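Results of the structural survey
The chain contents come next:
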Amino acid sequence: MFNGFSSRKVNSTFELNKIETQAYSLGAVNRTSENRFIYKKSDAFYDQEVVFSLNKRESGDLMLNTQYKFNPSILSWIIGICFFPIGFLAFIFAYNAKNDFESFLHSVLFEL
């Protein structure tokens, strides 16, 4: 429901391990390959999935791509439907988590 994408050019010696040391709060990491990490975390009110990947463009530039999803959990949907319209305030947890992640992402990418 609350999704986003970020792409940034990095130098050719960049390794995803630099992000892994700073992203410990993003949840459990699933390293699908050397160039792709997936972080998953479930909270009471939202489920989070963050994918960091390194891709090489045709021009030879190395790009760090970040895809993220913050979806309300089943509990949020039940509260939202049962206590409509006030209940949909439960979605604010996922929205705030997405905004916090975007702030984190910009601060981490600024340091790279």
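These figures come from a predicted structure and were not determined experimentally.

Here the bond from Phe84 into Pro85 is cis, since omega is -5°, no more than 30 degrees from zero. Turning to its location among the elements, Pro85 is positioned in the loop between α2 (74-82) and α3 (92-111).

Bringing the pairing of strand β3 (residues 36-42) into the picture now. Relative to β3, strand β2 (residues 28-33) runs antiparallel, the two sharing 5 bridges. Bridging from a neighbouring strand, Asn30 pairs with Ile38 of β3. Between β2 and β3, which pair antiparallel one after the other, the connecting turn spans 2 residues. As judged from the 7 bridges shared by β3 and strand β4 (residues 46-56), these two strands associate in the antiparallel manner. From the neighbouring strand, Arg36 faces β4, where its bridge partner is Ser53. Hairpin connection from β3 to β4: 3 residues lie between these consecutive antiparallel strands.

Moving on: the sheet that holds strand β5 (residues 62-72). What the 5 strands build is an open sheet, ordered β1-β5-β4-β3-β2; its pairing is antiparallel. Among the strands making up the open sheet, the edge pair consists of β1 (2-10) and β2. The average angle at which neighbouring strand axes cross in this sheet is 15°, direction not considered.

A few words on the nonpolar core. With 22 residues, the main nonpolar core has Phe14, Leu16, Phe52, Leu64 and Phe101 as its most contacted residues. Put simply, the parts of the chain that give this core at least two residues each are β1, β3, β4, β5 and α3. Among the elements that line this core, the one with the most residues is α3, at 5 residues.

Considering all chains together, one arrives at 2 salt bridges under this definition. Ionic pairing is found between Asp61 and Lys9, a salt bridge with its closest N-O pair at 3.6 Å. With a gap of 52 residues between them, Asp61 in the loop between β4 and β5 and Lys9 in strand β1 connect regions that are remote in the sequence. Of the charged contacts in the structure, one is a salt bridge between Lys98 and Glu102, with a shortest N-O distance of 3.2 Å. With Lys98 and Glu102 both in helix α3, this residue pair falls 4 residues apart, about one helical turn.

The rules behind each value
- Residues numbered from 1 in each chain as written.
- Predicted model: local features only at pLDDT ≥ 70, side-chain atom pairs only at ≥ 80, totals over all residues.
- Heavy atoms only, no water.
- Helix = DSSP H or I, 4+ residues; strand = E, 2+ residues; numbered from the N terminus.
- Pairing = 2+ DSSP bridges.
- Axes fitted to C-alpha atoms, helices over the stretch in contact; angles between N-to-C directions.
- Core = buried A, V, L, I, M, F, W, Y, C linked by side-chain atoms within 4.5 Å.
- Buried < 20%, exposed > 50% of the residue type's maximum accessible area, 1.4 Å probe, protein only.
- Salt bridge = Lys/Arg side-chain N within 4 Å of Asp/Glu carboxyl O.

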